[in-house]
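Here is how the chains run, residue by residue.
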Amino acid sequence: MAGVEKPELVTAADEAALEVAFQARVDAETRIEPRDWMPEKYRKFMVRQISQHAHSEYVGMLPEGNWITRAPTLRRKAALLAKIQDEAGHAAYLYSAAETLGTSRDQMLEDLHSGKAKYSSIFNYPTLTWADIGTIGWLVDGAAIVNQVALCRTSYGPYARAMVRICKEESFHQRQGFEIITTLAHGAPEQKAMAQDALNRWWWPALMMFGPHDADSPNSEIAFKWKVKRQSNDDLRQRFVDMTVPQADYLGLTVPDPDLKWNGETGQYDFGAIDWEEFWRVVKGDGLCNRDRLDARRSAHEDGAWVREAALAHAAKKRATKSAA
Ligand SMILES: [Fe+2]
Ligand SMILES: [Fe+2]
C-alpha cells in the first residue's frame, strides 16, 4: 500500500478521511514512515516515547560508567566498556529516529537537562558493588529485552528498525551480566553474599521497569490502537518473572519476594505486590540518584561543547571549500 501523502490544504473532512486511511494502514500492519501523513497526536506520542527511550539509553550509561575503572579484570573491563558504548549507540539510533518526526536533538537534550523529559527510573538507583554491574546486565538488560522485542514490530518504521538492531546488542549485555553474577554466585561466600545483596536491591525496581498496571496506565489504550504497543505492561512483567526466577534458582540465589510461588494452574509464577509509591516517588525526581544523574548529564554536555563547536566549524569549512570549487 502506498503512503498517505499530505494534501496542500487540509480541511476538517480531509483530516478525518486521512485519519481513517492512517488507521487502516496501521491495522494492515503497514509501517508508518516519516513522509507519511500521521495524526498530530501520533507524532507527539512517538516523539515522547522514542525520546524517553533514547534518554534512558543515554542516562543508563552512568550507573555502569561508575565501575569502568574498578572492573576486577581486563576482560571484564573490555566487556563493560563495549556494553556502555553500545548504549551510547542505542541512544544515537533512537535520537535519529525521533528526529525523523520533526524534533531536533538539541531540543530533546534540552528537555532532558531541564528535567522536563523523563527516562527510565531504574537508572536512579546506585551501583554500590561490582555485583550490581552483573545484576544490571542480568535483570535490567533482561527486562529491556522483553520490552524491546515487542517494540521490533511497533508501527513507526524508523523506531521498529532501530529496535531490531538494539535487541541483538541487548542479548550480549544480558549475557555479560549473567556471566558476572554466575561467577560471583558460585564463588566465595562473600561473593555469593554480594550477589544476593545486589539481587535484593534490584529485583523490585526491575519489575517496575514494565510500568504501572494496565488499569493505571493512561496511554495504554491509544498505544494499542496505534500498534505502538502489542502486549500489556502486566503481560510483559509476567513473562520476565517466568523467565528470570529459574535463572535465580540455577544461581542458588533467592528472589526477595516471600509471595513468589509457582502456580500449577496458570503455568506461571505468582508474585507479590509492587510498591507503586516508591515507583512514583522516583519518577517524580526523589530517587537516590536523580539529582546526580542529571548533574552528570548536564556537565558532560557542557564539557563537550567545544567538540560540537569544532565539528560544526569543520563542517562549515568543508561546505565553503566545496562551494568555492
Ligand atoms: Fe540499550
Ligand atoms: Fe543494554
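Structure: see above.
Because the structure is a prediction, the values reported are computed rather than measured.

Enquirer: Would you take a moment to explain the coordination of the iron ion (ligand 1) for this structure?
Expert: Note on metal geometry: ideal angles are 109.5 degrees for four donors arranged tetrahedrally and 90 or 180 degrees for six donors arranged octahedrally. Within the first shell, the iron ion (ligand 1) binds the protein through Glu-57 (OE), Glu-87 (OE), His-90 (ND1) and Glu-170 (OE), at distances of 2.0 to 2.2 Å. Coordination at the iron ion (ligand 1) comes from four donor atoms whose angles at the metal span 86 to 141°, giving a geometry best classed as irregular. Each donor residue of the iron ion (ligand 1) lies on the same chain, and together they follow the pattern E-x29-E-x2-H-x79-E. The buried category is assigned to Glu-170, whose relative accessible area is 1%.

Enquirer: Honestly, the coordination of the iron ion (ligand 2) in this entry has me stumped. Any pointers?
Expert: Looking at the metal site, the iron ion (ligand 2) is ligated by Glu-87 (OE), Asp-141 (OD), Glu-170 (OE) and His-173 (ND1), spaced 2.0 to 2.2 Å from it. Taken together, the four donor atoms coordinating the iron ion (ligand 2) span angles of 88 to 160° at the metal, a pattern that classifies the geometry as irregular. Along the chain, the residues donating to the iron ion (ligand 2) fall in the pattern E-x53-D-x28-E-x2-H. In this structure the iron ion (ligand 1) is found 3.3 Å away from the iron ion (ligand 2), and Glu-87 serves as a bridging donor for the pair. Of the two residues, Glu-87 sits in helix α4 (residues 74–99) while Glu-170 sits in helix α7 (residues 157–185), which places them 83 residues apart along the sequence. By the burial criterion, Glu-87 is buried, and Glu-170 matches it.

Enquirer: Teacher, can you tell me more about the packing of helix α8 (residues 189–208) against helix α10 (residues 233–251) here?
Expert: When two helices pack together, their arrangement is given by the angle between the helix axes and the distance between those axes. Between α8 and α10, the least distance of the axes is 12 Å, while the angle of their chain directions is 175°. Judged on the interaxial angle alone, α10 and α8 are roughly antiparallel. Residue-level contacts link Lys-192, Trp-203, Ala-206, Leu-207 and Met-208 of α8 to Arg-237, Phe-240, Val-241, Thr-244, Val-245 and Leu-251 of α10. Along the lines of polarity and charge, the residues of the contact of α8 with α10 split into eight nonpolar, one polar and two charged.

Enquirer: What is the right way to look at the side chain of Asn-290 in this model?
Expert: Relative to the assigned elements, Asn-290 resides in helix α12 (residues 290–303). One polar contact links the side chain of Asn-290 to the main-chain amide nitrogen of Gly-287, over a distance of 2.7 Å.

Enquirer: How should I be thinking about the layout of surface pockets in this particular structure?
Expert: One way to see where empty space is left: roll a probe the size of a water molecule over the atoms. A volume near 1,300 Å³ is recorded for the largest pocket. If you trace the largest pocket, you find 49 residues lining it, with Gln-52, Asn-147, Met-209, Phe-210 and Gly-211 closest to the centre. Elements with a contribution of two residues or more to the lining of the largest pocket: α2 (40–59), α4, α6 (130–151), α7, α8, α9 (220–225), α10 and α11 (276–283). When its residues are assigned to classes, the lining of the largest pocket shows 24 nonpolar, 15 polar and ten charged. As for the second largest pocket, its lining consists of 13 residues, and the residues nearest its centre are Val-47, Arg-48, Ser-51, Asp-111 and Lys-116. Within the residue set of the lining of the second largest pocket, elements represented by two or more residues are α2 and α5 (105–114). The element contributing the most residues to the lining of the second largest pocket is α2, with six residues. Broken down by class, the residue content of the lining of the second largest pocket amounts to three nonpolar, five polar and five charged.

Enquirer: Honestly, the packing of α4 against α7 in this entry has me stumped. Any pointers?
Expert: At their nearest, the axes of α4 and α7 sit 10 Å apart, and the two run at 160° to each other. On the basis of the axis angle, α4 is roughly antiparallel to α7. With respect to the hand of their crossing, α4 and α7 are arranged in left-handed fashion. A per-class count over the contact of α4 with α7 returns twelve nonpolar, four polar and nine charged.

Enquirer: Would you take a moment to explain the packing of aromatic side chains for this structure?
Expert: Taken as a whole and judged by the stated rule, the model has 14 aromatic pairs. Ring centres 5.5 Å apart and planes at 45° place the aromatic pair Phe-210 and Phe-240 in the tilted group. Of this pair, Phe-210 sits in the loop between α8 and α9 while Phe-240 sits in helix α10, and the two are 30 residues apart along the sequence. The class of Phe-240 is buried, set by a relative accessible area of 0%. Ring pairing ties together the aromatic residues Phe-22, Trp-37, Tyr-42, Phe-45 and Trp-226, which thus form one cluster.

Enquirer: Can you walk me through the pattern of salt bridges in this structure?
Expert: Enumeration according to the criterion identifies 17 salt bridges in this entry. Between Glu-40 and Arg-43 there is a salt bridge whose closest N-O contact spans 3.6 Å. Of this pair, Glu-40 and Arg-43 both sit in helix α2, separated by three residues, roughly a single helical turn. Residues joined by salt bridges that share partners form a network here, namely Glu-64, Lys-83, Glu-87 and Asp-141.

Enquirer: Honestly, the state of the cysteines in this entry has me stumped. Any pointers?
Expert: Should the sulfur atoms of two cysteines be covalently bonded, the bond is a disulfide. Applying the stated criterion across every chain, the model contains zero disulfides. Of all cysteine sulfurs, the one in Cys-152 lies closest to Cys-167, which takes part in no disulfide; the gap is 3.8 Å. Judged by relative accessible area, which is 9%, Cys-167 ranks as buried.

Enquirer: Looking at this structure, how should I read α5?
Expert: One turn of an α-helix holds 3.6 residues; hence residues three or four places apart share an orientation. Along α5, the positions that sit buried rather than exposed are Met-108, Leu-109, Asp-111, Leu-112 and His-113. In this fold, the buried residues of α5 make contact with α2, α4 and α12. Gly-115 sits one or two residues past α5 and shows a positive phi near 90°.

The rules behind each value
- Residue indices follow the written sequence of each chain, beginning from 1 at its first position.
- Chain A is the first chain written and ligand 1 is the first ligand written, with later ones labelled in order.
- Totals for whole chains, interfaces and linings use every residue, but because this is a predicted model, local features are given only for residues with pLDDT of at least 70 and side-chain atom pairs only at 80 or more, for both listing and counting.
- Values shown for side chains rest on all heavy atoms present in the structure; no hydrogens or waters enter the calculation.
- Any nitrogen, oxygen or sulfur atom within 2.8 Å of a metal ion counts as a donor, with the limit raised to 3.2 Å for Na, K and Ca, and since water is left out, coordination shells can look unfinished.
- Sites are called tetrahedral only when four donors show all angles between 85 and 135 degrees, square planar or octahedral only when four or six donors show opposite pairs over 155 degrees and all other angles between 65 and 115, and irregular in any remaining case.
- When accessible area is computed with a 1.4 Å probe and restricted to protein chains, residues below 20% of their type maximum are described as buried, those above 50% as exposed, and intermediate ones as partly exposed.
- Helix and strand labels come from DSSP, where a helix needs a run of H or I of at least four residues and a strand needs a run of E of at least two; each type is numbered from the N terminus.
- Where helices are involved, their axes are fitted lines through C-alpha atoms of the stretch in contact, as for all axes, and angles between N-to-C directions lie from 0 to 180°.
- When describing relative orientation, an angle under 35 degrees is termed roughly parallel and one over 145 degrees roughly antiparallel, while 65 to 115 degrees is termed roughly perpendicular and anything else oblique.
- Here a residue-residue contact requires only that any non-hydrogen atoms of the pair lie within 4.5 Å.
- All residues other than Ala, Val, Leu, Ile, Met, Phe, Trp, Tyr, Cys, Pro, Asp, Glu, Lys and Arg, Gly among them, are scored as polar; the first ten of these are nonpolar and the last four charged.
- In protein, a polar contact requires one atom able to donate a hydrogen and another able to accept it; more generally it is a pair of N or O atoms within 3.5 Å, and residues adjacent in sequence count only if both atoms are side-chain atoms.
- Here a cavity is any set of points on a 1 Å grid over the protein atoms alone where a 1.4 Å probe fits but cannot get out, and a pocket is any open set with protein on both sides within 12 Å along at least 5 of 7 lines; a residue lines the site when it has an atom within 4 Å of a point.
- Grid points are joined across faces, edges and corners, and a volume is the space filled by probe spheres set on the points.
- Take the far helix as the reference: if the near one is turned anticlockwise from it by less than a right angle, the crossing is left-handed, and if turned clockwise, right-handed.
- Each pair of aromatic rings taken from Phe, Tyr and Trp, with Trp reduced to its six-membered ring, is defined by centres within 6.5 Å and is described as stacked if the planes are under 30 degrees apart, edge-to-face if over 60, and tilted in the remaining cases.
- Any carboxyl oxygen of Asp or Glu within 4 Å of a side-chain nitrogen of Lys or Arg constitutes a salt bridge here.
- The disulfide definition used here is simple: a pair of cysteine sulfur atoms within 2.5 Å.

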